[in-house]
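# Descriptive analysis of the structure
So the chains spell out like this:
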Amino acid sequence: MTLAQHRKSLGLSLEALAIRLDLAPSSKSWLSEIENGRRDASLRLALKIERWSNGAVPAASICGELRKIANDPSPPSAEAA
């Protein structure tokens, strides 16, 4: 489920979502950009959204950093360390 789908299924506005995530209500435009794929969420925010949604919105679906890890899940080699 996408962030927008989950938010709408709960009947929340972007401003209400911002408040639920302990963000400033003015963060609604930032959240809109994340919902529309124009901006990636930070790792911290993505994990907060995943916890808030009880896993309905996977953090990797909104965080580029986690998508990179998901696409290359192999651990770094011992030589690189």
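The structure this text deals with has already been given above.
Position of His6 among the secondary structure elements: in helix α1 (residues 3-9). Residue His6 is classed as buried on the basis of its relative accessible area of 11%. Every residue in contact with His6, bar those within four places of it in the chain, is listed here: Met1, Trp52, Ser53, Ala56 and Val57.

Once that is clear, we can look at the environment of Asn36. Relative to the helices and strands, Asn36 is located in the loop between α3 (28-35) and α4 (43-52). According to the relative accessible area criterion, Asn36 is partly exposed, its value standing at 48%. Placed 26 residues apart in sequence, Asn36 and Ile62 show a C-alpha to C-alpha distance of 9.8 Å.

This paragraph deals with the pattern of salt bridges. Within this structure, the stated rule accounts for four salt bridges. With a shortest N-O distance of 2.6 Å, Arg7 and Glu35 are connected by a salt bridge. Of this pair, Arg7 sits in helix α1 while Glu35 sits in helix α3, and the two are 28 residues apart along the sequence. The two residues Arg7 and Glu35 agree in class, both being buried. Among the ionic pairs, Lys28 bridges to Glu15, the shortest N-O distance being 3.9 Å.

Quick notes on the rules
Residues numbered from 1 in each chain as written. Predicted model: local features only at pLDDT ≥ 70, side-chain atom pairs only at ≥ 80, totals over all residues. Heavy atoms only, no water. Helix = DSSP H or I, 4+ residues; strand = E, 2+ residues; numbered from the N terminus. Buried < 20%, exposed > 50% of the residue type's maximum accessible area, 1.4 Å probe, protein only. Contact = heavy atoms within 4.5 Å. Salt bridge = Lys/Arg side-chain N within 4 Å of Asp/Glu carboxyl O.

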